[in-house]
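# Geometric and topological summary
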Amino acid sequence: MSEPSNKKKKCPQCGKKNIPEDKFCTNCGFELKEYSPGDFVIMEHLKGSLYGSIACLTIFIAFMILVTVAVSSQYGIQAIIPLIIIWPIVIGFMFWASRYLRGLSKIRKFIITGEYIEIIVPHKPYFRVNWSEFDAIEVQKRDHQTWAVLPGKVIIGPRFIYFKLIFKGSNFTESYEFESGKDFKRRSRKEILIALEEFAQKMNKDYNGPTKK
Ligand SMILES: [Zn+2]
């Protein structure tokens, strides 16, 4: 693309246009790094899935309140026992969900340059390895299917998919596990694995992972 080089830098976090000399966003403090054309850069947030999840949770809570009101007006005092059992579970679930959804609106980054691989995901430790430190990359996929047993039936919950990137050298092993769809978008996860494989080939490193899909 042939855009003028004095173009203002748009902050990926808050959208403010900063002058090219700014190293950090003057509005939110986000680090505005320059990358070379050959670098692989993913910078994204998951605001969309955050809003979707909040909408689902709101509907769920509204439904539970309606059920509570309906059951209490129908059965009166006898309704207290099931409600005493159900509501702590609902509140526990909400607590878990709020922790799980934490940070979805913040920027995460996956950067691959000819020098290093850098991964920044909100609320996870900063990760960086240099290509000179390792000889091989291994990618392991892990599935976690959630489910619950209720009297008479098994309920299948959401499925979580994790990718563990293992960087191995003769005296070196570092690994980073991220969750597809939460730490990075599913689409980005595919791009990340393709880029890792391509860079590994370019950098003369072994790559062992799920085949391209
Ligand atoms: Zn900003």
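Only a predicted model underlies this, so the values are computations on that prediction, with no experimental measurement involved. (Residues numbered from 1 in each chain as written. Predicted model: local features only at pLDDT ≥ 70, side-chain atom pairs only at ≥ 80, totals over all residues. Heavy atoms only, no water.)

A word on the packing of helix α1 (residues 47–75) against helix α2 (residues 80–101). Following both chains from N to C, one finds α1 and α2 inclined at 170°, their axes separated by 12 Å at the closest point. One element, α1, and the other, α2, form an angle in the roughly antiparallel class. Counted together, L50, S53, L57, F60, I61, M64, I65, T68 and S72 of α1 and L83, I86, W87, V90, F93, M94, A97 and L101 of α2 form the full contact between these two elements. When its residues are assigned to classes, the contact of α1 with α2 shows 14 nonpolar, three polar and no charged. (Axes fitted to C-alpha atoms, helices over the stretch in contact; angles between N-to-C directions. Helix = DSSP H or I, 4+ residues; strand = E, 2+ residues; numbered from the N terminus. Parallel < 35°, antiparallel > 145°, perpendicular 65-115°, else oblique. Contact = heavy atoms within 4.5 Å. Nonpolar A, V, L, I, M, F, W, Y, C, P; charged D, E, K, R; others polar.)

Locating E118 in the fold gives a position in strand β5 (residues 116–120). Ignoring anything within four residues of it in the chain, the contact list for E118 reads K33, Y35, K109, F110, I111, Y126, F127 and R128.

By definition of the ideal shapes, a tetrahedral metal site with four donors has angles of 109.5 degrees and an octahedral site with six donors has angles of 90 or 180 degrees. Distances from the zinc ion to its protein donors, namely C11 (SG), C14 (SG), C25 (SG) and C28 (SG), fall within the range 2.3 Å. One can describe the donor arrangement at the zinc ion as tetrahedral, given that its four donor atoms subtend angles of 105 to 114° at the metal. Counting the intervening residues between successive donors of the zinc ion yields the motif C-x2-C-x10-C-x2-C. One end of the pair, C11, is in the loop between β1 (9–10) and β2 (17–18); the other, C25, is in the loop between β2 and β3 (40–44), and 14 residues separate them in sequence. As far as the burial class goes, C11 and C25 line up, both buried. (Donors = N, O, S within 2.8 Å, 3.2 Å for Na, K, Ca; no water. Tetrahedral: all angles 85-135°; square planar, octahedral: opposite > 155°, others 65-115°. Buried < 20%, exposed > 50% of the residue type's maximum accessible area, 1.4 Å probe, protein only.)

In this section: the environment of T58. Residue position: T58 is located in helix α1. In this structure the side chain of T58 is engaged in a polar contact, spanning 2.6 Å, whose partner is the backbone oxygen of I54. (Polar contact = N/O pair within 3.5 Å; in protein donor to acceptor, adjacent residues only side chain to side chain.)

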